[in-house]
Amino acid sequence: MTRECASPAPGPGAPLSGSVLAEAAVVFVVVLSIHAAVWDRYSWCAVALAVQAFYVQYKWDRLLQQGSAVFQFRMSANSGLLPASVVMPLLGLVMKERCQAAGNPYFERFGIVVAATGMAVALFSSVLALGITRPVPTNTCVISGLAGGVIIYILKHSLSVGEVIEVLEVLLIFVYLNMILLYLLPRCFTPGEALLVLGGISFVLNQLIKRSLTVVESQGDPLDFFLLVVVVGMVLMGIFFSTLFVFMDSGTWASSIFFHLMTCVLGLGVVLPWLHRLIRRNPLLWLFQFLFQTETRVYLLAYWSLLATLACLVVLYQNAKRSSSESKKHQAPTIARKYFHLIVVATYIPGIILDRPLLYVAATVCLAVFIFLEYVRYFRIKPLGHTLRSLLSLFLDERDSGPLILTHIYLLLGMSLPIWLVPRPCTQKGSLGGARALVPYAGVLAVGVGDTVASIFGSTMGEIRWPGTKKTFEGTMTSIFAQIISVALILIFDSGVDLNYSYAWILGSISTVSLLEAYTTQIDNLLLPLYLLILLMA
């Protein structure tokens, strides 16, 4: 979460603001660092993609300010096209390198497909912006065309026919999800956030379809299947109910009963059979046995239940303070919002140290619960819908300008993605030694510790502001220092972490991501852990 409101995007015809240029500079540092570490034709494609995204981003900013974009995007930030465009390609590149080092050719090719898919959806977003900009930006079109031509030429000669088809499938799903979700959810995303979130969902959906069709040959991990089915099931459930409640009043008891009945039907009749087909056993029995397999897991589940209860008590306490306040528009202070970051840190660190597979499944279940409760709140489903609207309205900020409240879901995603995204077969044979040993902690460091400390110290003691933003130098410096202290504590308590003298790279990665936090206007709960994950894996 940011420390204060971000500066608005530049107006039509205005030059790029200093904060946007600084954000771009930080992103290019990351891209060039990964390029230097990988140095192959795919990393050159990533550099070309970043260059064209930098030019196209300004066109998106102008479209947003003029109100000429096809859909309604979040207006309290710039378009964010550049930082979002390079995430999937860079993630695919570092994944390819790690799996190549681990001697796993399947996941090495998988990383290349991830990179190619990220480049394809990013180029589509660029073409969309250029296609609706008037007058046509000739110079930007030339730059984007040259970069796109180079990328397509290299990928065409690097991917197999099946991989090209897979990339095109994801692109097609991405186009349709853009049309559906951006229409149903106005002002919930910037173009960059839409690219990142919907691109990820499109890739997950395509992977689930692909693995379902080849289930006879598949020897996948049940944990991966569980995550894929849960994510796709919750997204399809949201699209189904959004379409249904166009024709019904969702706030009545009849609609609420129908909602709960259809949720049971979709869960028991679609999601569970789908998961059963993939893992070839009873999903509920498998989940029960998995959760209570060892005594350590029972203790962790009990500990996490206590923390969940504490989080609920914080929400109730803050709302009780609002009720006793004279102001009807009382909002929770920044420090109160950061309580949840500390609770999440206390949740994830024991899970990472003691039982990562359990944390993987627990985070997936928690994501499903969060999304389901957001559906209940958004559709005003009785008996909890109005209560959730009242309780959560206290914690709204300028980024929750659309009909959905997504910041808590982004927080969960930011903490969980470093656990979910690293292919476990590629973590063998020492391929996650050195700085890479900190990859599972990327969310804890970037969001749980760094962003929290930066927000608290920046808002209470900060005086020197970074040019073009309301973020402070003191907040950024204390953030870097707190993350370094956290790394030292991780070394003490997690015997599996061996940094192998890669301290300079760790310090540089933490400092770069902290600077990105200072200048970005995108959802930092989601963006920062991904960038730190990429740098630590490189």
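The structure we're discussing is the one just above.
Here's a quick rundown of the structure. Bear in mind that the values here come from a model prediction, so they are computed numbers and not experimental data.

Some details on a nonpolar patch on the surface
A cluster of nonpolar side chains, namely Ile-353, Leu-354, Phe-481, Ile-485, Leu-489, Ile-492 and Phe-493, defines an oily patch on the protein surface of about 730 Å² accessible area. For the nonpolar patch, the secondary-structure elements that each account for two or more residues are helix H13 (334-354) and helix H18 (473-493). No other element matches the 5 residues that H18 contributes to the nonpolar patch. Tracing the chain through its elements places Phe-493 in helix H18. Residue Phe-493 is classed as exposed on the basis of its relative accessible area, which comes to 60%.

Focus on the nonpolar core
Among the nonpolar cores identified, the biggest contains 175 residues, and Ile-34, Leu-90, Phe-189, Leu-438 and Tyr-531 are the most heavily contacted of them. The element best represented in this core is helix H9 (residues 222-244), accounting for 14 residues. Leaving out residues up to four positions away in the same chain, Phe-189 has contacts with Phe-73, Arg-74, Leu-182, Ala-194, Val-197, Leu-406 and Tyr-410.

Quick word on the side chain of Glu-374
By secondary structure assignment, the location of Glu-374 is in helix H14 (residues 356-379). Accessibility expressed as a relative area gives 3% for Glu-374, which makes it buried. In contact with Glu-374, not counting residues within four places along its chain, are Pro-403, Leu-404, Ile-405, His-408 and Ile-409.

So, the packing of H9 against helix H11 (residues 283-291)
When two helices pack together, you describe them by how their axes are tilted relative to each other and by the distance separating the axes. Contact pair H9 / H11: the axes reach a minimum separation of 12 Å and the direction vectors enclose 120°. When the axis of H9 is compared with that of H11, the two are oblique. Crossing geometry of H9 relative to H11 is assigned as left-handed. Contacts from Pro-222, Leu-223 and Phe-226 of H9 reach H11 at Trp-286, Leu-287 and Phe-290. The residue inventory of the contact of H9 with H11, partitioned by class, reads 6 nonpolar, no polar and no charged.

Observations regarding the pattern of salt bridges
In total, this model carries 10 salt bridges according to the counting rule given. The partner of Glu-97 in a salt bridge is Lys-96, and the shortest N-O contact between them spans 2.7 Å. Here Glu-97 matches Lys-96 in class, with each residue buried. The partner of Asp-249 in a salt bridge is Arg-380, with the nearest N and O atoms 3.5 Å apart. Of this pair, Asp-249 sits in the loop between H9 and helix H10 (253-279) while Arg-380 sits in the loop between H14 and helix H15 (385-392), and the two are 131 residues apart along the sequence. Its relative accessible area of 45% is what places Asp-249 among the partly exposed residues. On the basis of relative accessibility, which here comes to 28%, the residue Arg-380 falls in the partly exposed class. Among the charged side chains, a network of salt bridges with common partners joins Asp-40, Lys-96 and Glu-97.

Parameters at a glance
- Residues numbered from 1 in each chain as written.
- Predicted model: local features only at pLDDT ≥ 70, side-chain atom pairs only at ≥ 80, totals over all residues.
- Heavy atoms only, no water.
- Patch = residues over 30% accessible without salt bridge, like charges linked within 9 Å, V, L, I, M, F, W, Y side chains within 5 Å.
- Areas by Shrake-Rupley, 256 points an atom, 1.4 Å probe, with all protein chains shown as cover.
- Salt bridge = Lys/Arg side-chain N within 4 Å of Asp/Glu carboxyl O.
- Helix = DSSP H or I, 4+ residues; strand = E, 2+ residues; numbered from the N terminus.
- Buried < 20%, exposed > 50% of the residue type's maximum accessible area, 1.4 Å probe, protein only.
- Core = buried A, V, L, I, M, F, W, Y, C linked by side-chain atoms within 4.5 Å.
- Contact = heavy atoms within 4.5 Å.
- Axes fitted to C-alpha atoms, helices over the stretch in contact; angles between N-to-C directions.
- Parallel < 35°, antiparallel > 145°, perpendicular 65-115°, else oblique.
- Left-handed = near helix turned anticlockwise from the far one by under 90°.
- Nonpolar A, V, L, I, M, F, W, Y, C, P; charged D, E, K, R; others polar.

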